Each structure stands twice: as structure tokens, then as C-alpha cells.
Amino acid sequence: MGARERSHRVTPNNVSMEHAALLRAAMDGKLGRRELMKRGMALGLGGAALASLVSSYRPAGAAAQESPLAGQTIDMTILGIAGWPPSRLGVDMANELFKPYASETYGYDVNFAFEEAPFESLFQKAATSLSSGSDQYNIIISDSQWLGALAEPGWILRLNDIIAENPDLDIQFEDAAAVGYRIYPDGSDNIYGFPQEGDTIAVFVRQDLMSDQAERDAYMAANEGEDLPQSYDDWLEVDIDRYERICAHFTRPDENLYGTAFQWSKVYDFVSCYAYPFMFSNGGEAWDPATGQVEGIVNSEINIAGLEHNKRFIQYAPPGASNYGIAEEVDVFTAGNIATCWQWSALGPQMMNQKAGGEPGEVADEARPVTPEMVLIAVPPGFPQADGTLNRTYTLGGQPWVINAYNDEAHLQVAIDFMKFWYLPETQLEFSRRGGNSAVTAVLEDPGYDDLQPHFKAYKYMIRENRSRDFWHDPNYAEMLAIQQEAWNGYISDTVESAKLALDYTACKQQEILYDAGRSDIEPSEGCADISL
């Protein structure tokens, strides 16, 4: 080791000395919380050490804020999504970082418990409790489409007055998040949620395969000199037709290698979320939220062609892919069986087999063939338009925090205090460092943001400029979704004879649901009378 290398080597003793210096700076009020957090993260400090920096911070001349809860112990329960890392991360940070912050800032002690259920059953678990007027779950991590179903019965708080009384919560979020995770009804100014986890679809790529010279030569020979994409920027230029050629190239059943996987399962909203991009990107719509019209919109010629186009990709996927959801994609990709995969960017660490909350590149499971350095995360393919441009309009994922309307004053106050803490820049940066997707514009604009996690560049691109959008916030969401999932997965798995039948059935049954619920004046057409799958 040369003299220059020795002079820059960071030893455990160096880290301890720098950590101690940061603690002194925190207690003396010489560095703000954000700078403390950034420097602590740069040192590689863990959650407990970062929490000590937050709790040790003393602004010059500052004293703890007066709180009516001072001296009390408050037990909070958050209901979130089982097996979904961002939900667990929010609760872990509440206990690790907010707990000492609340003690120091407000003078009370708080403990957070986590209740959970899978995506497909979480709404029912929440609704069963809330419908009885229970404050069992003080804060809920809701899927965005549930806002109407939770808001209309008065189960969750309208947040406009709380935001007006707490200017710290008047935050600039990315436009897709500001609408998709907060507003009900669509087009109103009623705010019911705070973005907890932003999310968009990304394409996960086995870059080791794309960069292999033999693969490149074979692909170019078969595709008139066209090369395989070699970088994030190359993927910006990939359209859906070129993407299909890439998938076809890597589909080799005799080698147990396939070109791609989407989520095609009928569980929850899986197939819907991954079929909509083929519709939205070409001008298709799900419905007219102003009138409640579905017939003639969801079963348009554009959407029929889109569903057919989506199904075409199952020929490049492993056997059984019509049942793929989130977990199945993680498994098949990290097992090395597919060259590319459409997946939620929130699963970036898991798809790369990277340790959650660890350093970039740190392997989570040594037994899995795919490791982080093999994977590139890029934007999904664009869809060619008549003017020669590429359009990407994909489905918005992600979840908001919502606050139980039945909380007593103490639990409501803690919920508000926690939200104010959650959106501090230093908290959002730590959430990001651990792999969470912030929706706060100022955080995404931080100069170092893109480098915090490998999926952030693609996530930021896709959450902006109308590239990701939600579908319904209607209170009848669950019934409408169940109809759609059955029909669309039925077509994908060859139990429904055509995309047209799948979409005509969807349109008729959803129109009936909305009409019967008094949410639309438009009756199903006569052609719907005898329709069945």
C-alpha cells in the first residue's frame, strides 16, 4: 500500500473519532439535522447511530417544544402491507428515529407496533376494523386506489385543515404523487393521504448478458446490425418492438433462460397494472371519472389491441408465468432464469439481490446466482407514436399514509408529529438511503439523490412528466377490480377466448356496478344482458 493510499484509508478508529465529532457538533448546535444525517450516512453509520445524532441535536438556544403529551407514553399501531419492504421500513424508522426525536423534541415516549396483511387482503382488514369505529390502527399504509372507499364512510381524516394548521406539512410532492396518493374525489382539492412510498414500473436487466460480446454478435447478426442496449441511456431509446426482439433473443427454454416476465396473476391488481401501459401509452383510458362511463372506453379498440399486445410477451416468459405476481418475479429474476423483468422500482434491492438497508452492491443471499453488479435498472420501453416519438404512460404504484378518523386527541397528535418528522429532509434522505422511494420534489432534486440507490434514476424519470398514472379512486374499486382481474387473467391464461370478450365483459360488469351503486347515470347497454366469460 502506497503512502497516498494509507493517508486516505478509513479505519474503525477514524470512524469512531468522526462519529464522536459529529455528536459534539450535534449537541453544540453547530450542524443542522440534515447535514448531520448526510455526514453520518457518508460514514456508514447504522440506524441506531443515526438516531443518536438526531436525538443529540440541540439548536443554539433551543428548548423542547411544549406538548400536552409531555411525560406520557403513547402506543401507536401502523397497519401496512405484509412482505412489502417500504411498509416495514416506515415502521422501523418510526421506532429507531422518531422515538428518540419525539422524546427530545416533545417530551413524550412513543412505541410503534406493526400489523400487516398481504396486498389482496389488507383493505378488508382495515375496513373490518374501521367500520366498527375502532382506533385499532392509528395510521394505515393504504394503497392509493382505496382512498375513495376509506374516505366516503368517514373512516380516514380529510387532511386539509391539519395541513393549514401545520405549514411544515404543506409540501411540494411530485405531481403524480400529489394527485394519486392524496386526492379524492379526482379533480377536487380534498386531501386524504400523505405519500409514504412512491413507486413506478422499471425494467430490470441482466446487464452481464447484454454486455457479453458473443450475445451482442449473435443479436446483431439476427437483427440487421442492431445492438443490445448497453447503458441506462440506451434504454431510453428502446421501443416496445425492439424490446420484443431482445426478449425473443434470450428465450431459450432448453437453457432454462427466458426473455422477460410481467405480472399476469389475477391476484389483487397484478395483471391490470401491467396491462394498462399497453393501453395508456397508446391513448387508451380506463373510464370517465366525471360521468362514470366505462362502456365504450375500457373496451375501446385501442385497449383491445393493447391487451393482445401484452399477451404476446408471455411466449418469452417461463412456464406458469400467467400466475406471476411480485414475489414470483423476484424469485425467477434472482434465480437467473430471465434476462429482463418489468417490476416495481420499490423492489430494487430485492431484484438485485442486494441487502436491504445495506451498502449498494452488498449481496443479500449468497446462494442466489444473480448479484447486484449483474443488474442494470432502466426505464421500461416506450411505445411508438404517429409523430415518431416514444410515449411512456405506465401504471403508478406506491402508497399513502392515511390517518384513522377515530383516533383520540393524543394519538392524532402523535400521528401529526410523526408526519412532520417523516417529511424532514434528513428523514427522507435516510428513507432513501435505505431503499425507500421519496415523493418529495426537493429530495429528488438533491444532487446526490440518483446515486443513493441503483433504481432511483429510473424511478425519478418515470414519476415525472405524466409517465405514470393511477386508475380508479372510486369506493367501488374492489368490486370493479375483481371483475377486471378475472377477465384479463382469463384471456392471458387462455380460458377467455379473446381480448375483446375480456374487455367487453369488464366494461359491462363495471358499468353495472357503478349504475347500481348510484355513482353513474349510465346504464349498461342491451348488449350486456347475456354477456359472460
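My aim in this report is to walk through the structure given alongside it, one point at a time.

Rules and cut-offs
Residues numbered from 1 in each chain as written. Predicted model: local features only at pLDDT ≥ 70, side-chain atom pairs only at ≥ 80, totals over all residues. Heavy atoms only, no water. Helix = DSSP H or I, 4+ residues; strand = E, 2+ residues; numbered from the N terminus. Expected span 1.5 Å × (residues − 1). Buried < 20%, exposed > 50% of the residue type's maximum accessible area, 1.4 Å probe, protein only. Polar contact = N/O pair within 3.5 Å; in protein donor to acceptor, adjacent residues only side chain to side chain. Pairing = 2+ DSSP bridges. Axes fitted to C-alpha atoms, helices over the stretch in contact; angles between N-to-C directions. Contact = heavy atoms within 4.5 Å. Salt bridge = Lys/Arg side-chain N within 4 Å of Asp/Glu carboxyl O. Disulfide = S-S within 2.5 Å.

1. A look at helix α18 (residues 409-422)
Turning to step 1, where the next piece is worked out: Between its first and last C-alpha atoms α18 spans 20 Å; for 14 residues at 1.5 Å apiece the expected length is 20 Å, and the two agree.
Turning to step 2, where the next piece is worked out: Counting buried residues along α18, ten of its 14 residues qualify, which places the element largely inside the surrounding structure.
Turning to step 3, where the next piece is worked out: Within α18 the residues assigned to the buried category are Ala-410, His-411, Val-414, Ala-415, Ile-416, Asp-417, Phe-418, Met-419, Phe-421 and Trp-422.
Turning to step 4, where the next piece is worked out: Its side-chain oxygen 3.2 Å from the backbone nitrogen of Ala-410, Asp-408 forms the N-cap of α18.

2. Considering the sheet that holds strand β6 (residues 340-344)
Across a sheet, paired strands are connected by hydrogen bonds in the backbone, their directions being either parallel or antiparallel.
Turning to step 1, where the next piece is worked out: The three strands are arranged β6-β5-β7 in an open sheet whose pairing can be described as antiparallel. The open sheet terminates on both sides in strands that have one partner only, identified here as β6 and β7 (375-378). When strand polarity is set aside, the average angle formed by the axes of neighbouring strands in this sheet is 30 degrees.
Turning to step 2, where the next piece is worked out: The sheet contacts of helix α14 (residues 270-280) involve β5 (201-206) and β6, and relative to β6 the element is tilted by about 105 degrees.
Turning to step 3, where the next piece is worked out: Where helix α16 (residues 326-334) meets the sheet, it contacts β5, β6 and β7, and its direction lies at approximately 145 degrees from that of β6.

3. Let's talk about the pattern of salt bridges
Turning to step 1, where the next piece is worked out: Applying the stated criterion across every chain yields a total of 25 salt bridges.
Turning to step 2, where the next piece is worked out: Notably, a salt bridge pairs Arg-88 with Asp-92, separated by 3.8 Å at the nearest N-O pair. Of this pair, Arg-88 and Asp-92 both sit in helix α5 (residues 85-105), four residues apart, which is roughly one turn of that helix.
Turning to step 3, where the next piece is worked out: In this structure, the salt-bridge partner of Glu-430 is Arg-433, at a minimum N-O distance of 2.8 Å. Here Arg-433 and Glu-430 lie together in helix α19 (residues 425-433), a separation of three residues that amounts to about one turn. You'll find Glu-430 and Arg-433 in the same group, each marked buried.
Turning to step 4, where the next piece is worked out: Among the ionic contacts, a cluster of salt bridges with common partners joins Glu-96, Glu-430, Arg-433 and Arg-434.

4. Things to note about the pairing of strand β11 (residues 397-403)
On any regular strand, side chains alternate: one points to one face of the sheet, the next to the other face.
Turning to step 1, where the next piece is worked out: Most of β11 is tucked away, with seven of its seven residues classed as buried.
Turning to step 2, where the next piece is worked out: The side-chain alternation of β11 yields two buried faces, one formed by Gly-397, Gln-399, Trp-401 and Ile-403 and the other by Gly-398, Pro-400 and Val-402.
Turning to step 3, where the next piece is worked out: Relative to β11, strand β3 (residues 139-141) is paired through three bridges, and the arrangement is antiparallel. Considered in β11, the bridge of Ile-139 is made with Ile-403.
Turning to step 4, where the next piece is worked out: Sheet topology places strand β4 (residues 194-199) next to β11; five bridges connect them, and they run antiparallel. Paired with Pro-195 across the bridge in β11 is Pro-400.

5. A closer look at the environment of Gly-180
Turning to step 1, where the next piece is worked out: The topology assignment puts Gly-180 in helix α9 (residues 175-180).
Turning to step 2, where the next piece is worked out: In the structure, Gly-180 is positioned 291 residues away from Phe-471 in sequence and 8.7 Å away in space, judged by C-alpha atoms.
Turning to step 3, where the next piece is worked out: In contact with Gly-180, other than residues within four places in its own chain, are Ser-144, Leu-147, Leu-396, Asp-470 and His-473.

6. Notes on the state of the cysteines
Turning to step 1, where the next piece is worked out: Inspection of the entire model under this criterion finds one disulfide.
Turning to step 2, where the next piece is worked out: Cys-508 shares a disulfide with Cys-528; S-S distance 2.0 Å. With the S-S dihedral at roughly -75 degrees, the linkage between Cys-508 and Cys-528 falls on the left-handed side. With Cys-508 in helix α23 (residues 499-516) and Cys-528 in the segment after α23, this pair connects stretches of sequence that are 20 residues apart.

7. Quick word on the sheet that holds β11
Turning to step 1, where the next piece is worked out: Ordered by their spatial adjacency, five strands build an open sheet running β2-β1-β3-β11-β4, and the pairing between neighbours is mixed. Of all strands in the sheet, those with a lone pairing partner are β2 (109-117) and β4, marking the two edges. Averaged over all pairs of adjacent strands, the angle between strand axes in this sheet comes to 15 degrees, irrespective of strand direction.
Turning to step 2, where the next piece is worked out: Note: strand β1 (residues 73-81) against β3, two bridges, orientation parallel. Bridging across to β3, Ile-78 finds its partner in Ile-139.
Turning to step 3, where the next piece is worked out: α18 rests against β1, β2, β3, β4 and β11 of the sheet, and its axis sits at about 65 degrees to β1.

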